[in-house]
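Take a look at the letters that make up each chain.
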Amino acid sequence: MPLGAHLTMSKGLPAAARLAASIGADTFGFHTRNPRGGARRVISAEEIAEWRALRQELGLAAPVGHLPYTINLGSERDIWEFGVRVVGEDLQRCAAFGAHAIVLHPGHAVDAEAGLARVGEGVKRALEAAGNGETLLCLEGMAGQTGELGAEPGQLARIIREAGEPPRLGVCLDTCHLFAAGWDIRTHEGIDRMLAAFGDAVGRGRIQVLHLNDSRFPLGSHRDRHARLGQGEIGEEGLRAVRAHPFLRGLPTILETPVDDYPDYAGEIAVARRLGGEG
Ligand SMILES: [Zn+2]
Ligand SMILES: [Zn+2]
């Protein structure tokens, strides 16, 4: 069960790998490109070769990317087309160095029904454009802020259906988003209820990534504000239940808690391990 934190690959994959190892992580998260814009970094064959060797040496599991927040496949025309192009390109770029998955916010729309259909079509086109490759595209379950698509399991299922149920399409659960959306995941039973709902809707096998965050706002607030582990409304005991759950603890897990600088994630990783009964 690889555990890592959201780092950066702006200084290259080898630097990200060393940073991950230095904070006690066995994997890492990264933005596939500038999170607020569209600029992407070219990843050379030499960089990939160095990364592969280093990854072996450090014993790191496959990393997990996050697509830019500016992508909205729930929209139309130019914005939709931009999103389809970026998702397709980044699937290809990240498959080239063996990323486990890249995570996408499904998007937002005034008319949810029409928006979900557009997201499904966009995802389908992006996967077709990306060609063969093992990296998954994971739709992230959201907190359910106004107009946001993909907070409800049924909406994620709808997108997957509209996309033609491709095998490379997965789901990423985020503990902060789940809690904000109204799932009380602070107990084993609560987690089972949540997993039953998502599993029935999308198929449990599609759940492929976990984002581990505490939540600044209470249960059902529909507000997406991450907190450091144990310092939010989910709390230490709640996060202990998450870390103890056999299904969740088996997922590649990435921390996205608010820290001042990447090395500060060493403390968060240590807390996550302690709550999981490790070391
Ligand atoms: Zn996200
Ligand atoms: Zn997340």
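In what follows, the structure referred to is the one given above.
For the structure given in this document, a descriptive report is provided here. Not measured: the values here are computed from a predicted model. Per chain, residues are indexed from 1 in the order of the written sequence. Written order decides the labels, with chains lettered from A and ligands numbered from 1. Restriction of local features to residues with pLDDT of at least 70 applies here, the model being predicted, together with a cutoff of 80 or more for giving and counting side-chain atom pairs; totals for whole chains, interfaces and linings are based on all residues. Side-chain descriptors were evaluated using all non-hydrogen atoms of the structure, hydrogens and water having been removed beforehand.

What follows covers the coordination of the zinc ion (ligand 1). Only nitrogen, oxygen and sulfur atoms count as donors, using a 2.8 Å cut-off from the metal that widens to 3.2 Å for Na, K and Ca. Water is left out, so coordination shells may look unfilled. Around the zinc ion (ligand 1), the protein supplies His66 (NE2), His105 (NE2) and Glu140 (OE) as donor atoms, at distances of 2.1 to 2.2 Å. Of note, the donors binding the zinc ion (ligand 1) are all from one chain and are spaced H-x38-H-x34-E. Between the two metals, the zinc ion (ligand 1) and the zinc ion (ligand 2), the spacing is 3.4 Å, and Glu140 donates to both. One end of the pair, His66, is in strand E3 (residues 64–66); the other, His105, is in the loop between strand E4 (101–104) and strand E5 (107–108), and 39 residues separate them in sequence. Across the pair, His105 and His66 agree in class, each one buried. Think of it this way: any DSSP run of H or I at least four residues long counts as a helix, any run of E at least two long counts as a strand, and we number them from the N terminus. Relative accessible area decides the class of each residue, using a 1.4 Å probe on protein chains only: under 20% of the type maximum gives buried, over 50% gives exposed, and in between gives partly exposed.

Around the zinc ion (ligand 2), the protein contributes the donor atoms Glu140 (OE), Asp174 (OD), His211 (ND1) and Glu256 (OE), which lie 2.1 to 2.2 Å from the metal centre. By the criteria applied here, four donors are tetrahedral when all angles lie between 85 and 135 degrees, four are square planar and six octahedral when opposite donors are over 155 degrees apart and every other angle lies between 65 and 115, and any other arrangement is irregular. Coordination at the zinc ion (ligand 2) is irregular, judged from the four donor atoms that bind it and the angles of 87 to 174 degrees they form at the metal. The sequence pattern describing where the donors of the zinc ion (ligand 2) fall on their chain is E-x33-D-x36-H-x44-E.

Right, let's get into unusual backbone geometry. The phi torsion at Arg77 lies on the positive side, around 45 degrees, for a residue other than glycine. Accessibility expressed as a relative area gives 61% for Arg77, which makes it exposed. With phi around 60 degrees, His222 is a residue other than glycine that occupies positive phi space. Its place among the elements puts His222 in the loop between strand E10 (214–215) and strand E11 (226–227).

For the purposes of this section, nonpolar cores are sets of buried Ala, Val, Leu, Ile, Met, Phe, Trp, Tyr and Cys residues that join through side-chain atoms within 4.5 Å. Among the nonpolar cores identified, the biggest contains 74 residues, and Phe97, Leu104, Val123, Leu137 and Leu173 are the most heavily contacted of them. Once you skip the residues sitting within four places of it in the chain, Val123 turns out to touch Leu73, Leu104, Leu137, Leu139, Ala163 and Leu169. In terms of nonpolar packing, the next biggest core, distinct from the first, is built from eight residues, Val64, Ala101, Val103 and Cys172 among them. Whether two residues are in contact is decided by their heavy atoms, any of which lying within 4.5 Å being enough.

So, about the packing of aromatic side chains. Here a pair means two rings of Phe, Tyr or Trp (six-membered ring of Trp) with centres within 6.5 Å. Their orientation is stacked below 30 degrees between planes, edge-to-face above 60, and tilted elsewhere. For the coordinates displayed, the defined rule picks out five aromatic pairs. Pairing Phe30 with Phe97 gives two aromatic rings, centres 5.7 Å apart and planes at 55 degrees, and the pair type is tilted. In this pair, Phe30 is assigned in strand E2 (residues 27–31) and Phe97 in the loop between helix H3 (77–95) and E4, connecting sequence segments 67 residues apart. There is no split in this pair, since Phe30 and Phe97 are both buried. Grouped by ring-pair contacts, the aromatic residues Phe28, Phe30, Trp51 and Phe97 constitute a single cluster. Two conditions define a charge located above a ring, namely a distance within 6 Å from the ring centre to NZ of Lys or CZ of Arg, and an angle within 35 degrees of the ring normal. The ring of Phe247 has Arg204 sitting right over it, with the charged end atom 5.0 Å from the ring centre.

A few words now on the state of the cysteines. Disulfides are defined in this document as cysteine sulfur pairs within 2.5 Å. Per the counting criterion, the structure on display carries zero disulfides. Take Cys94: it sits in no disulfide, and the sulfur closest to it among the cysteines is that of Cys138, at 12 Å. Given the relative accessible area of 0%, Cys94 is considered buried. Cys172 carries a free sulfur, and the closest cysteine sulfur to it, the one in Cys138, is 6.5 Å from it. Looking at Cys172, the relative accessible area reads 0%, which means it is buried.

Everything listed is a geometric property; what it means functionally is a separate question.
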